[in-house]
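Notes for the structure review
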Amino acid sequence: MATLKLGVLGSGSGSNMQSIVDAIEKGELDAEVKLVLADVPDAKILDRAKRHGIPCRYLDCAPWKTKLEGPAEDECIRLLKEAGCDTVILAGFMRIVKPALLAAFPMRVLNIHPALLPAFPGVHSWTQALDYGCKVAGVTVHFVDAGTDSGPIIVQKCVPVMEDDTPETLHARIQVQEHIAFPEALRHLAAGRLRVEGRRVVISGPQG
Ligand code: GAR
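Structure report, in brief. Source: prediction; values computed, not measured.

1. Quick look at the overall build of the chain
Within the chain, the regular secondary structure consists of 6 helices and 11 strands. At 16 Å, the chain has a C-alpha radius of gyration in line with the 17 Å of a compact globule built from 208 residues. Based on the C-alpha atoms only, the size of the chain along its principal axes is roughly 50 × 45 × 35 Å. For the chain, with 208 residues in total, the buried portion stands at 49%.

2. With respect to the packing of helix H5 (residues 125–132) against helix H6 (residues 167–190)
Where H5 meets H6, the closest approach of the two axes is 9 Å, and the angle between their N-to-C directions is 120°. Here H5 lies oblique to H6, going by the angle between them. The handedness of the crossing between H5 and H6 is right-handed. In this structure, H5 contributes Trp126, Thr127 and Leu130 to the contact, and H6 contributes Pro167, Leu170, His171 and Ile174.

3. Re the nonpolar core
Counting 45 residues, the largest nonpolar core has Val36, Ile89, Leu110, Phe182 and Leu186 as its most contacted members. Residue contributions to this core peak at 8 residues, all from H6. When neighbours within four sequence positions are excluded, valine 36 is seen to be in contact with Val8, Met17, Ile45, Leu46, Ala49, Ile54, Pro55, Cys56 and Arg57. By size, the runner-up hydrophobic cluster in this structure holds 21 residues, among which are Leu9, Cys61, Ala72 and Val109.

4. What to know about the packing of helix H1 (residues 15–25) against H6
At a minimum axis separation of 9 Å, H1 and H6 run at an interaxial angle of 50°. Judged by the angle between their axes, H1 and H6 are oblique. For the crossing formed where H1 meets H6, the hand is right-handed. Residue-level contacts link Ser15, Asn16, Ser19, Ile20 and Ala23 of H1 to Gln175, Glu178, His179, Phe182, Pro183 and Leu186 of H6. Taken together, the residues of the contact of H1 with H6 sort by class into 5 nonpolar, 5 polar and 1 charged.

5. Some thoughts on the packing of aromatic side chains
What the rule picks out here adds up to 1 aromatic pair. Ring geometry for phenylalanine 120 and tyrosine 132: centres 5.7 Å apart, planes at 65°, overall edge-to-face. Pair noted here: phenylalanine 120 is in the loop between strand E7 (109–113) and H5 and tyrosine 132 is in helix H5, with a separation of 12 residues, a long-range link.

Cut-offs and rules
- Residues numbered from 1 in each chain as written.
- Predicted model: local features only at pLDDT ≥ 70, side-chain atom pairs only at ≥ 80, totals over all residues.
- Heavy atoms only, no water.
- Helix = DSSP H or I, 4+ residues; strand = E, 2+ residues; numbered from the N terminus.
- Rg over C-alpha atoms; globule rule 2.2 N^0.38 Å.
- Buried < 20%, exposed > 50% of the residue type's maximum accessible area, 1.4 Å probe, protein only.
- Axes fitted to C-alpha atoms, helices over the stretch in contact; angles between N-to-C directions.
- Parallel < 35°, antiparallel > 145°, perpendicular 65-115°, else oblique.
- Left-handed = near helix turned anticlockwise from the far one by under 90°.
- Contact = heavy atoms within 4.5 Å.
- Core = buried A, V, L, I, M, F, W, Y, C linked by side-chain atoms within 4.5 Å.
- Nonpolar A, V, L, I, M, F, W, Y, C, P; charged D, E, K, R; others polar.
- Phe/Tyr/Trp six-rings, centres within 6.5 Å; stacked < 30°, edge-to-face > 60°.

This is the structure in structure tokens:
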């Protein structure tokens, strides 16, 4: 049986989930995706899950627009537990998760954020980096805590910002690194190599 039993929450294309599924299928990550939930009914992440035979469904989160709370949060936790998930992956999930989910999966909720945190939390971080005039941008995979994009950092990757970048070209460059960073963070988790000491995540053994 796989070491990590993943529940994936997403809102969009699901390319990060795809990178995780690809790593599993190539034997590079000891994990199984047990369930994919999307808060957007026609999110492409659901099509990707179906193509790989992964159980998936739409989670109706209305009327809460930017948070996962209330009955939808209860339902989400119930579905994840029922599917046997022990780790929750926020893969482009555009809602803030609240303490009940974090308490149900203590230090087992991971998020990917398209910026070098603590710079540019929130939405459209690549546009924020571009508008700010940054020369480097990047991606962060971190444990989720009660704040917004504020939990202990597991993996970060940098990309250069080019003179002629548009928000789209910069985001595309960041996404290439996202697809390396998320499987890498999960490999460390699966191997039991992560130790959280306050804000710091100490990685023992090989770093890649
Ligand atoms: C990714 O760039 C991810 O970092 C970002 O949404 C995109 C989802 O892409 N997440 C956030 O902005 C969270 N605050 P995907 O659906 O193709 O994985």
